[in-house]
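Letter by letter, the chains look like this.
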Amino acid sequence: FQEFPGGWSGSSLRGGTMDLLLLLLLHGLLLLPLAALLLYRCSSTFQYLCKMAFFNCWIVAMATLLSPFAAFRGRSVENMKLLRASLLPLKRFYGIRMRVRGSERLQLPGPFVIVCNHQASLDLIGMVEVIPDRCVPIAKRELLYLGTVGWACWLSGIIFIERHRRDAAIGVISRTAGTMRRENVSRLCVWVFPEGTRNPGRSMLPFKRGAFHLAVQAQVPIVPIVISPYCDFFSSKEKRFTSGTCTIQVLPRVETRGLSPKDVPKLTESVWQAMAKALAEMSMSDHGDQDTEQLQLGEDRGSPQGQGDTAESSK
Ligand SMILES: CCCCCCCCCCCCCCCC(=O)SCCNC(=O)CCNC(=O)[C@H](O)C(C)(C)COP(=O)(O)OP(=O)(O)OC[C@H]1O[C@@H](n2cnc3c(N)ncnc32)[C@H](O)[C@@H]1OP(=O)(O)O
Ligand SMILES: CCCCCCCC/C=C\CCCCCCCC(=O)OC[C@@H](O)COP(=O)(O)O
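Worth saying up front: this structure is predicted, and the values here are computed from it rather than measured. (Residues numbered from 1 in each chain as written. Chains lettered and ligands numbered in written order. Predicted model: local features only at pLDDT ≥ 70, side-chain atom pairs only at ≥ 80, totals over all residues. Heavy atoms only, no water.)

S.K.: I'd like a rundown of the side chain of D123, residues and numbers included.
M.R.: Secondary-structure assignment places D123 in helix α5 (residues 123–130). R198 provides the closest opposite charge to the buried, salt-bridge-free D123, at an N-O distance of 7.8 Å. Beyond its immediate sequence surroundings of up to four residues, D123 is in contact with N117, H118, F193, I227 and Y230. (Helix = DSSP H or I, 4+ residues; strand = E, 2+ residues; numbered from the N terminus. Buried < 20%, exposed > 50% of the residue type's maximum accessible area, 1.4 Å probe, protein only. Lys, Arg positive; Asp, Glu negative; His and termini not counted. Salt bridge = Lys/Arg side-chain N within 4 Å of Asp/Glu carboxyl O. Contact = heavy atoms within 4.5 Å.)

Shown next as structure tokens:
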């Protein structure tokens, strides 16, 4: 003990234990990311959870960062540009290749109503790919209470409805139609998910009628947009999220000039039919494309693929 002063005294024992704990902590800190990486590579469920967590964190982070800038402008549809720009990089992070067909159909001089199928919150990635300037979505009121996300949505002029209070929702839609008519010169467009809720899979739910009443009241055209099924690369049910290709098809506009509220059920049905047909065709041709792609990769790697009227954006 004299040779090693304080060698095995109580305080050095405590020091040794501390060192050991620190060493274990350091190992843990190094091993934890490694274990997480390994789990990410091996477990598709863990990969799905990480990707969804990143999706939500990205939205919260962007909303928190950008809302103060948007607030300078006040509540304005121009803030949709910020929201759009902040969500555009997401497709690259996830390796989702976007194919847009018929985007020229969105270049109308006046206001219009967009109706689009709604599979998952991932639709935001497709939405920002094609949403025109001065276009606001109609969203469920619950989003307003998501802290800075709600604030960002409000500042961007997103229209909120309480889905279960029909009269109040109809009131909001009527006021929106009034604004669309009044702002004809500066052109306000509205994006509606007429299924009214998320619906994963290859089919569509029957449409709610609000979007069609809106278009008829404002006497503006309806532009249907169909996003191809995500099943090949995303399923919330199966907790699966890989990379893949998504096609967005803009259909020919449907005129509403001269139509009255009594025409709404027929209008709703005919737009549903057109979109369901496009969805079915895209679903089949996407599989066809994939088979062809695999065939081409097998036969001739790197051969160029023409897409006709398709604009592509990818990683
Ligand atoms: C800076 C970074 C930030 C990042 C930040 C990222 C976050 C960025 C998020 C943005 C993205 C948002 C995306 C959200 C996505 C959703 O939140 S989806 C959910 C919200 N959307 C909807 O609900 C769709 C719109 N809903 C409707 O239109 C529904 O018709 C209504 C108005 C709610 C009513 O619903 P309902 O009563 O269940 O159903 P419905 O059968 O349609 O109507 C019943 C009757 O009312 C009549 N009716 C309906 N509407 C009307 C009307 N307007 N006038 C007269 N009669 C009407 C119908 O004709 C029907 O009567 P009949 O014809 O049978 O006689
Ligand atoms: C102070 C509270 C702070 C809470 C912070 C919560 C953070 C939330 C994180 C991320 C928010 C992501 C919002 C993405 C919005 C996607 C739009 C969407 O897909 O909405 C669903 C709606 O169409 C239909 O809803 P339902 O299928 O009927 O259900």
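Still more ground to cover, so stick around.
S.K.: I'd like a rundown of the UniProt feature "transmembrane region" (unreviewed entry) in the protein chain, residues and numbers included.
M.R.: Residues given the UniProt feature "transmembrane region" (unreviewed entry) here are residues 20–40 and 52–72. End C-alpha atoms of residues 20–40 are separated by 30 Å, and the span's content is 100% helix alongside 0% strand. Across residues 52–72 one finds 100% helix and 0% strand; the C-alpha atoms that close the span lie 31 Å apart. (UniProt positions renumbered as here; feature names shortened; annotations may be inferred.)

S.K.: I'd like a description of a nonpolar patch on the surface, backed by residues and values.
M.R.: Taken together, M18, L20, L21 and L24 make up a surface patch of nonpolar side chains, about 440 Å² in accessible area. Inspection of the secondary structure assignment puts L21 in helix α1 (residues 10–42). (Patch = residues over 30% accessible without salt bridge, like charges linked within 9 Å, V, L, I, M, F, W, Y side chains within 5 Å. Areas by Shrake-Rupley, 256 points an atom, 1.4 Å probe, with all protein chains shown as cover.)

S.K.: Can you tell me about the environment of C42, naming the residues and giving the values?
M.R.: Relative to the helices and strands, C42 resides in helix α1. With a relative accessible area of 64%, C42 lands in the exposed category. In sequence terms C42 and G16 are 26 residues apart; their C-alpha atoms lie 38 Å from each other.

S.K.: Give me the site of ligand 2: which residues, what numbers.
M.R.: Around ligand 2, the surrounding shell consists of N56, V60, H118, S121, L124, K140, L143, L146, G147, R163, T197 and R198. H118 places a polar side-chain atom, nitrogen or oxygen, 2.6 Å from an oxygen atom of ligand 2. At 2.7 Å from an oxygen atom of ligand 2 is found a side-chain nitrogen or oxygen belonging to T197. Burial of ligand 2 by the protein amounts to 66% of the accessible area it has alone, namely 770 Å². Of the residues assigned to the shell around ligand 2, the class counts are 4 nonpolar, 5 polar and 3 charged. (Near = heavy atom within 4 Å. Polar contact = N/O pair within 3.5 Å; in protein donor to acceptor, adjacent residues only side chain to side chain. Nonpolar A, V, L, I, M, F, W, Y, C, P; charged D, E, K, R; others polar.)

S.K.: Could you give an account of unusual backbone geometry, naming the residues involved and the relevant values?
M.R.: Phi at R134 is positive, roughly 55°, even though this residue is not glycine. Even without being a glycine, K239 presents a positive backbone phi close to 50°. Mapped onto the elements, K239 comes out in the loop between β7 (234–235) and β8 (240–241). Of the residues examined, K239 reaches a relative accessible area of 33% and is grouped as partly exposed.

S.K.: So, the pairing of strand β9 (residues 244–250): which residues are in play, and what are the values?
M.R.: In terms of burial, β9 is a largely internal element, 7 of the 7 residues being buried. What you see with β9 is no split at all: G244, C246, I248 and V250 on one side and T245, T247 and Q249 on the other are buried throughout. Taken together, the 6 bridges between strand β1 (residues 96–101) and β9 define a ladder with parallel strand orientation. The residue of β9 that forms the bridge with R97 is T245. (Pairing = 2+ DSSP bridges.)

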